[in-house]
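Architecture at a glance
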Amino acid sequence: QQQMGSSPGSSDPLFMASQWKAREQIFPMMLSNRAPDLFQFSDCKFSVLKRKKGSARVVFWRELRIWNSYTMEASFCGSNMGPLKGQHYTTRDFERMGKAFCQTIY
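Residues numbered from 1 in each chain as written. Predicted model: local features only at pLDDT ≥ 70, side-chain atom pairs only at ≥ 80, totals over all residues. Heavy atoms only, no water.

Let's shift gears to the overall build of the protein. The number of helices and strands found in the protein is 4 helices and 0 strands. Sequence-ordered secondary structure for the protein, helices as α and strands as β, is α-α-α-α. Out of the 106 residues belonging to the protein, those deemed buried represent 20%. Across the protein, the fraction of contacts at a sequence separation of at least 24, relative to all contacts at a separation of at least 6, is 44%. (Helix = DSSP H or I, 4+ residues; strand = E, 2+ residues; numbered from the N terminus. Buried < 20%, exposed > 50% of the residue type's maximum accessible area, 1.4 Å probe, protein only. Contact = heavy atoms within 4.5 Å.)

Within this structure, the stated rule accounts for 2 salt bridges. Between aspartate 37 and arginine 96 there is a salt bridge whose closest N-O contact spans 2.4 Å. Pair noted here: aspartate 37 is in the loop between helix 2 (26-34) and helix 3 (56-64) and arginine 96 is in helix 4 (residues 91-105), with a separation of 59 residues, a long-range link. Between arginine 96 and aspartate 93 there is a salt bridge, with its nearest N and O atoms 3.2 Å apart. Of this pair, arginine 96 and aspartate 93 both sit in helix 4, 3 residues apart, roughly one helical turn. (Salt bridge = Lys/Arg side-chain N within 4 Å of Asp/Glu carboxyl O.)

Counting 9 residues, the largest nonpolar core consists of Phe27, Leu31, Ala35, Leu38, Phe39, Leu84, Tyr89, Met97 and Ala100. Mapped onto this core, the elements with two or more residues apiece are helix 2 and helix 4. (Core = buried A, V, L, I, M, F, W, Y, C linked by side-chain atoms within 4.5 Å.)

What follows concerns the packing of helix 2 against helix 4. Two numbers describe how helix 2 lies on helix 4: the axes approach to 9 Å, and their chain directions differ by 130 degrees. On the basis of the axis angle, helix 2 is oblique to helix 4. Between helix 2 and helix 4 the crossing geometry is right-handed. Each of Phe27, Met30, Leu31 and Arg34 in helix 2 lies in contact with helix 4, whose residues at this interface are Met97, Ala100, Phe101, Gln103, Thr104 and Ile105. Of the residues contributing to the contact of helix 2 with helix 4, the split by class is 7 nonpolar, 2 polar and 1 charged. (Axes fitted to C-alpha atoms, helices over the stretch in contact; angles between N-to-C directions. Parallel < 35°, antiparallel > 145°, perpendicular 65-115°, else oblique. Left-handed = near helix turned anticlockwise from the far one by under 90°. Nonpolar A, V, L, I, M, F, W, Y, C, P; charged D, E, K, R; others polar.)

Of the residues making up helix 2, those classed as buried are Phe27, Pro28, Leu31 and Ser32. Projected down its long axis, helix 2 carries its buried residues within an arc of 135 degrees, all on one side. (Arc of directions from axis to C-beta.)

So, about the layout of surface pockets. As a volume, the largest pocket reaches approximately 1,500 Å³. Together, 42 residues line the largest pocket, and Asp43, Cys44, Lys45, Thr71 and Met72 are the ones closest to its centre. Elements that contribute at least two residues to the lining of the largest pocket include exactly helix 1 (13-24), helix 2, helix 3 and helix 4. Looking at the lining of the largest pocket residue by residue, the classes come out as 23 nonpolar, 10 polar and 9 charged. (1 Å grid on protein atoms, 1.4 Å probe; cavity = no way out; pocket = protein on both sides within 12 Å on 5 of 7 lines; lining within 4 Å. Points joined across faces, edges and corners; volume = space filled by probe spheres on them.)

Shown next, in the form of structure tokens:
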């Protein structure tokens, strides 16, 4: 019989890892949905590369157990996708990205 509040496989480490993976991807997915011309979920990487082990985001995750710490990188050169493809970003584009980021958090 299944106990209340549990699910099949909930004690399985692979099941638990997949749950965390899904949770860490929620915010980037929502941001991509809010600003698809400025942010692409498909370009996100959720792995930890050896050369990034000393980065603040990875240290926060490993030592402080802060699970959803992200690094957002922006190009000054411009976009390679959507309606802004081939154009340099403007101050307005960065302001729109900041607004979308804040609205997604809220």
